[in-house]
Amino acid sequence: MKKNILLVAGLLAGAMLTACESKKAENTQTNDTLKIEQSVFGKVSDSTNATLYTLKNQAGTEVKISDFGGTIVSWTAADKNGKFEDITLGCDSLAGYQKGVPYFGALIGRFGNRIANGQFQLDGTTYTLAKNNGPNALHGGLKGFDKVLWTATPIDGDEPALKLTYTAKDGEEGYPGNLSVEVIYTLTKDNSLKIDYKATTDKATVINLTNHAYFNLKGGFNSDILDHEVTLNADKFLPVSKTLIPTGELKAVAGTPFDFTKSTKIGSRINDTSDEQIKFGGGYDHCWVLADSSKNLKLAASVLEPTSGRFLEVFTTEPAIQFYTGNFLDGTIVGKGGAVYKHRYGLCLETQHYPNSPNQASFPSTVLKPGETYQTTTVYKFSVKK
Ligand code: BGC
């Protein structure tokens, strides 16, 4: 209690300081460093606030991240005329996120994507999870990493960073092991947002961390993403069942609407319901297996929005990427600045291991054991193509 009062007092002081300091900063900051600003984002409980951190670089990019869910709340990128606009879907306030939006910008864990029937076995024990997506478990459970308050440490510099830590308890959301997680977001000089994930456990567990940003590179949030042109460096994808659980097959994309090996407009084949997989996903909601299965940081995907010229590249150390085209958005969510998020108004590129890996022995393992360190990196890099 006392700690919380101190925290609130600290935050208030912090908010006041930020106002004063940012003024001062105009005069004293070095050429490269823009101080990370903090503001109160909303109340998590009577005595605890969530904070919003603003990371800026000299190129003019601004990324706002909250310690609630480690959520990317906004992210600006320049178009071909140098105009910066917010290109991620989200809410204006914490209350919006608390109402339960579909993971806008959030960190996802302990296990991103689906686990069939909300169950898996590890070392002879059956673990049961909440079935929060039809018959399956999705994105870490009822209160996954997207809905917890992380401990944040802002790191000022010419490449400002926000370190977030969270310890998930043994048994939390049904998963075994106390899991200590560290995520560092770094805004680089070249307009990349680098996300470094790290975790250790005291008992064997399963883990699949990702970020769930929804992008609309056109800006303005008043159009769908069907004109965006996507490349996925993957010649196979994972076909799914009706409830979006991988069948176990790695299917060649060649000759299917899932072939994005060459830059292709999302809309050109998304409604090709003669393809059963398109029907099951209601569009694209599948995991692509990257051609380079190494743990090196490699280019996994790129997206061009032709009218603005905004170009996004996604690099990752992960073996796969879930490409989701916002098929479940239906206009019932009113987001930032009153924007209505309609069908397919955002796309997600979630780097990860394969869905349902804990139940698929043939998939790369997602088991983390005591003494091991889980470590992955994903980079979202913005530039412009004229
Ligand atoms: C899943 C979708 C789901 C969305 C929001 C994506 O990762 O693949 O099926 O609707 O997250 O929950």
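Residues numbered from 1 in each chain as written. Predicted model: local features only at pLDDT ≥ 70, side-chain atom pairs only at ≥ 80, totals over all residues. Heavy atoms only, no water.

Peer 1: Now, about the site of the ligand: what can you tell me, with residues and values included?
Peer 2: Taken together, Tyr-103, Arg-114, Leu-138, His-139, His-212, Tyr-214, Leu-244, Asp-285, Gln-322, Tyr-324, Phe-328 and Glu-350 are the residues near the ligand. With respect to the ligand, the side chain of His-212 contributes an N or O atom lying 2.7 Å from an oxygen atom. The separation between an oxygen atom of the ligand and a polar side-chain atom of Glu-350 is 2.7 Å. Of the residues assigned to the shell around the ligand, the class counts are six nonpolar, three polar and three charged. (Near = heavy atom within 4 Å. Polar contact = N/O pair within 3.5 Å; in protein donor to acceptor, adjacent residues only side chain to side chain. Nonpolar A, V, L, I, M, F, W, Y, C, P; charged D, E, K, R; others polar.)

Peer 1: Describe empty space enclosed by the protein, listing the residues and the values that go with them.
Peer 2: For the coordinates displayed, the defined rule picks out four cavities of 30 Å³ or more. Empty space within the largest cavity amounts to approximately 70 Å³. Lining the largest cavity are Phe-68, Thr-71, Tyr-97, Gly-100, Val-101, Tyr-103, Phe-104, Ala-106, Asp-146 and Lys-147. Considering only residue class, the lining of the largest cavity consists of six nonpolar, two polar and two charged. (1 Å grid on protein atoms, 1.4 Å probe; cavity = no way out; pocket = protein on both sides within 12 Å on 5 of 7 lines; lining within 4 Å. Points joined across faces, edges and corners; volume = space filled by probe spheres on them.)

Peer 1: Can you tell me about the side chain of Thr-377, naming the residues and giving the values?
Peer 2: Relative to the elements of secondary structure, Thr-377 occurs in strand β29 (residues 374-384). Side chain to side chain, Thr-377 and Asp-196 meet in a polar contact 2.7 Å long. Once residues within four sequence positions are removed from consideration, Thr-377 is found in contact with Lys-194, Ile-195, Asp-196, Leu-297, Phe-315, Thr-316 and Thr-317. (Helix = DSSP H or I, 4+ residues; strand = E, 2+ residues; numbered from the N terminus. Contact = heavy atoms within 4.5 Å.)

Peer 1: Describe the nonpolar core, naming the residues involved and giving the relevant values.
Peer 2: Among the nonpolar cores identified, the biggest contains 60 residues, and Phe-215, Trp-288 and Phe-323 are the most heavily contacted of them. The dominant element in this core, judged by the number of residues it contributes, is strand β13 (residues 179-187), at five residues. Here Trp-288 is in contact with Leu-232, Ala-234, Lys-236, Phe-237, Val-253, Phe-258, Phe-260, Pro-319, Ala-320, Ile-321 and Phe-323, once residues within four sequence places are set aside. (Core = buried A, V, L, I, M, F, W, Y, C linked by side-chain atoms within 4.5 Å. Buried < 20%, exposed > 50% of the residue type's maximum accessible area, 1.4 Å probe, protein only.)

Peer 1: Could you give an account of the sheet that holds strand β3 (residues 62-66), naming the residues involved and the relevant values?
Peer 2: Strand order in this open sheet of five strands is β1-β2-β3-β4-β5, and the pairing throughout is antiparallel. The open sheet has two edge strands with one neighbour each: β1 (37-45) and β5 (84-86). On average, each strand axis in the sheet is tilted by 20 degrees relative to the strand beside it, whichever way the strands run. (Pairing = 2+ DSSP bridges. Axes fitted to C-alpha atoms, helices over the stretch in contact; angles between N-to-C directions.)

Peer 1: How would you sum up the pairing of strand β24 (residues 320-324)? Please name residues and give values.
Peer 2: Most of β24 is tucked away: five of the five residues are buried. Here β24 shows a buried face lined by Ala-320, Gln-322 and Tyr-324 and a second buried face lined by Ile-321 and Phe-323. Pairing of strand β21 (residues 285-289) with β24, which is carried by five bridges, proceeds in the antiparallel orientation. Each bridged residue has a counterpart across the sheet, and for Cys-287 the counterpart in β24 is Gln-322.

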